[in-house]
Every structure is written in structure tokens, then in C-alpha cells.
Amino acid sequence: MPNGRLVRICCSISGMTPFEVQPTNTVASKGEVARFVCKIHANPPPIITWEFNRTTLPLVTDRYDDLSYLVSPKESFGVLHQNFYVKNVPSCSNKSNVQPSQLMPWLCGNVPFSFRITVLPTGVLQIYGVKEADAGHYRCVATNIANRRRSVEAGLTVIPGIQLEWVSKPMIIAGPQNITVPAHQTAILECVAIGSPKPLVSWSRLDHKSIDVFNTRVLGNGNLMISDVKVQHAGVYVCRATTPGTRNYTVAAALLTVLAPPAFVEWPESLTRPRAGTARFMCQAEGIPTPKISWLKNGEKIHSNGRIKVQYSSFPGNQAFSE
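The residue numbering used here restarts from 1 in each chain and proceeds along that chain's sequence as written. Note on the predicted model: pLDDT of at least 70 is required for a residue's local features to be given, and 80 or more for side-chain atom pairs to be given and counted; whole-chain, interface and lining totals, by contrast, use all residues. Water and hydrogen atoms were dropped before computing side-chain values, which therefore reflect all heavy atoms in the structure.

**What about the nonpolar core?**
- With 23 residues, the main nonpolar core has F36, I48, W50, L125, I127, Y138 and L156 as its most contacted residues.
- Helix and strand assignments follow DSSP, with helices taken as H or I runs no shorter than four residues and strands as E runs no shorter than two, numbered in order from the N terminus. Listed by contribution, the elements that provide at least two residues to this core are β2 (34-37), β3 (47-52), β10 (115-120), β11 (124-127), β12 (136-143) and β14 (154-159).
- We call two residues in contact whenever any of their non-hydrogen atoms come within 4.5 Å of each other. What Y138 contacts, discounting residues up to four positions off in sequence, is P23, F36, W50, E51, F52, L57, L125, I127, V152, E153, A154 and L156.
- To define a nonpolar core, start from buried Ala, Val, Leu, Ile, Met, Phe, Trp, Tyr and Cys residues and group those joined through side-chain atoms within 4.5 Å. With a 1.4 Å probe rolled over the protein chains alone, any residue whose accessible area is under 20% of its type maximum counts as buried; one over 50% counts as exposed, and the rest are partly exposed. By size, the runner-up hydrophobic cluster in this structure holds 20 residues, among which are L189, L224, Y237 and C239.

If you want it as C-alpha cells, here you go:
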């Protein structure tokens, strides 16, 4: 109770709803990709983890290679590539000091360096290069300060792989979906591609603007995560899966909409007018979606009548006239 005043702190915590989407039994060929999905709503938003045979999976496991050098993202002509590149390193024989929690794929020399198992915060589990040891039961666990829920268990059955011939185009089996995200939150666009040889994944914007690499990184083997989204991040993002060494590619696109809270661009100003004169107050606001403006007089809402008029202009604001 600072300065003798009572300070009340209030927060809203609600329980979790039942799972909207539960993982389902999956059959995957050896060496291919297996994918499980769960979805649940809660306040505050839950942290999603996955269990394999009742044991919690780390966010990223079974990296294909090791490296021990600083890396930097590669961006060219507005395209964010799946791979990150090692700086001035002739070989990649040393062990890595880069933590798996960074969730980034790498390029070691000319060899793609990727993560085999990735857990996305959206509730998606991706398993690349499926092995016989991956067969078993998987379930999703949602946890927040108020509650914890576990989904039903789903089985993964691994069958012998089929030797694929050279394919003309890679296939995107889980592409990005249109999403709407409030400003300053995180947006995740999924992209899972298969093919022989393994396709390379890159991201670009349909309007050819550069992707903000400072707020953007790649999760796992091609999923795009944009942190602290702003209005300028809104747009159509294109995932492109390309067969290495060829011009064969497949694309999938999704629209990212960023919600922006209302902000006043023009405020009404105090006026002095003679009796029976006309007073005009101007107000303009912007936001996404377009804000709706209402007027108050002495705390009560104003309605248009014979003497007072409220006009809506072409821009997101109002004009009030009082005679």
C-alpha cells in the first residue's frame, strides 16, 4: 500500500477448454515425415509439449550434424532461406556449442544441417526421417498457471520405406495457413516438404519486400516464426520447396494479418462560438480492423438529431456538427 493508497491488482484466469483437435493414429514410411497436431484454448495461453511413451520430448532432438562456430542468417533478394551458414569455416568436425533450443537449421559446408524432431508452439509435432525406434504412442500436454491437460494418445506405426525415384516436383504436405495475430505477439507459419532428394525450403513475401530477419527465424526444417509482429509484417508469405540442383519447385502461400489497437491521428479541440453559431469537432483514428468512433457529451453518447449531426467521412474518423 504505497503512499497510504490501496492498490488493487486484478487479472483474469480461466480454465482450459477441452482439446479442439486431438492427435490421431499415424502410419509413416521409414525415412519419411510423421506429423501430429493438437489444439486447445486457455487463458493465459498454454505451453504445449509432447510426450513419447509417457516421456516428455525436448523441443528439438537428434540433430544430424555438429558444428561449433558462430553463424548468421542468410537473406538474399528478400528471401529467407531454410539454412543458416557457417562463417569462414573449412570443416565442421568439432562439436556444437549452439544450443538446440535455438530451433534453427544450419548448413555445414554444403551439407544441410537440420533437426529431426521439432515441437511448434502452435501444438504441432514434426518428426523427420522416421525411424523404427519412433514407433510408439504420442500425446500432447497443455500447461498454464491454472491447469494442465493431456490429450488422448495416438500411435505411430512405422512401415518399410519405399525407394523413391527422382521426382519432378517436391510436395508440401503441411503448408502455411492464413492467420490473424495481435501486434507484438508471435506468428508461426508451418511448411513441411518431402521429396527425393530432400527439398530445400525458403520463404519470401509475395510483394517482394524483404523479410525482417531480426524478428524472424526458422524453426526446425522450414517453419517460419516472426516475433513481436508489427503492422509492417502483415502480408502474404510464400513457402517454396525446391529440389536441390534443379528448377523444380512447389509453393504454398498464406496471409498474415496483424491486428493494431486504435490510435488517434487527430483529436477534437476546444472551441468558442457565439450563440446560434456552428461548432465543428474533428476526430480521426486508425487501427486494424478500422476502429468505430462514437461521440460523448458530458459522458453521455451523442446521437444525431435536428440540431446535432454526426458525419462519417471516407477516412476512419468522424465529424460532429452542433448548431
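**Things to note about the state of the cysteines**
- Only a pair of cysteine sulfur atoms within 2.5 Å qualifies as a disulfide here. Under the counting rule described, the total for this entry stands at 2 disulfides.
- Here C38 pairs with C140 through a disulfide, and the sulfurs are 2.1 Å apart. On the criterion of sequence distance, the pair formed by C38 in the loop between β2 and β3 and C140 in strand β12 is long-range, its members being 102 residues apart.
- Owing to a relative accessible area of 1%, C38 belongs among the buried residues under this scheme.

**What to know about unusual backbone geometry**
- Between S196 and the following residue, P197, the backbone shows a cis peptide bond with an omega angle of 0 degrees.
- That bond from I288 to P289 is cis: its omega, 0 degrees, falls within 30 degrees of zero.
- Here P289 shows up in the loop between β24 (279-288) and β25 (296-297).
- Backbone geometry places N53, a non-glycine residue, at a positive phi of 50 degrees.
- As for its position among the elements, N53 is in the loop between β3 and β4 (55-56).
- Even without a glycine there, the phi angle at D228 is positive, about 50 degrees.

**A word on the packing of aromatic side chains**
- Note on ring pairs: Phe, Tyr and Trp rings are taken, using the six-membered ring of Trp, and paired if centres are within 6.5 Å. Classes follow the plane angle, with under 30 degrees stacked, over 60 edge-to-face and the rest tilted. Considering all chains together, one arrives at 5 aromatic pairs under this definition.
- Taking the centre distance of 5.0 Å and the plane angle of 25 degrees together, the rings of F36 and Y138 count as stacked. In this pair, F36 sits in strand β2 while Y138 sits in strand β12, placing the two residues 102 residues apart along the sequence.
- Look at F36 and you get buried, because its relative accessible area is 1%.
- With a relative accessible area of 2%, Y138 lands in the buried category.
- We call a charge positioned over a ring when the NZ of a Lys or the CZ of an Arg lies within 6 Å of the ring centre and within 35 degrees of the ring normal. Over the aromatic face of Y249 sits the side chain of R240, whose NZ or CZ is 3.7 Å from the ring centroid.

**Overview of the environment of K169**
- Here K169 lies in the loop between β14 and β15 (171-174).
- According to the relative accessible area criterion, K169 is exposed, its value standing at 55%.
- Separated by 74 residues in sequence, K169 and T243 place their C-alpha atoms 6.9 Å apart.
- Apart from residues lying up to four places away in sequence, K169 is in contact with N248, Y249 and T250.

**Focus on the sheet that holds strand β21 (residues 223-226)**
- Paired strands, as defined in this entry, are two strands with at least two bridges between them according to DSSP. Strand order in the open sheet formed by 3 strands is β17-β21-β20, with antiparallel pairing between adjacent strands. Of all strands in the sheet, those bounded by a partner on one side alone are β17 (187-189) and β20 (216-219). Direction aside, the axes of adjacent strands within the sheet are offset by 25 degrees on average. As a rule, the C-alpha atoms of each element are fitted with a line to give its axis, helices using only the stretch in contact, and angles between N-to-C directions run from 0 to 180 degrees.

**Some thoughts on the confidence of the model for the protein chain**
- Per-residue confidence from the predictor is given as pLDDT, running between 0 and 100. Here the protein chain shows a mean pLDDT of 77. Residues at 70 or above account for 72%.
- Low pLDDT, under 50, characterises residues 6-11; the stretch is placed with 2 contacts to residues that sit more than four places away or in other chains.
- Within the model, the stretch residues 81-114 combines pLDDT values under 50 with 99 contacts to residues more than four positions away or in other chains.

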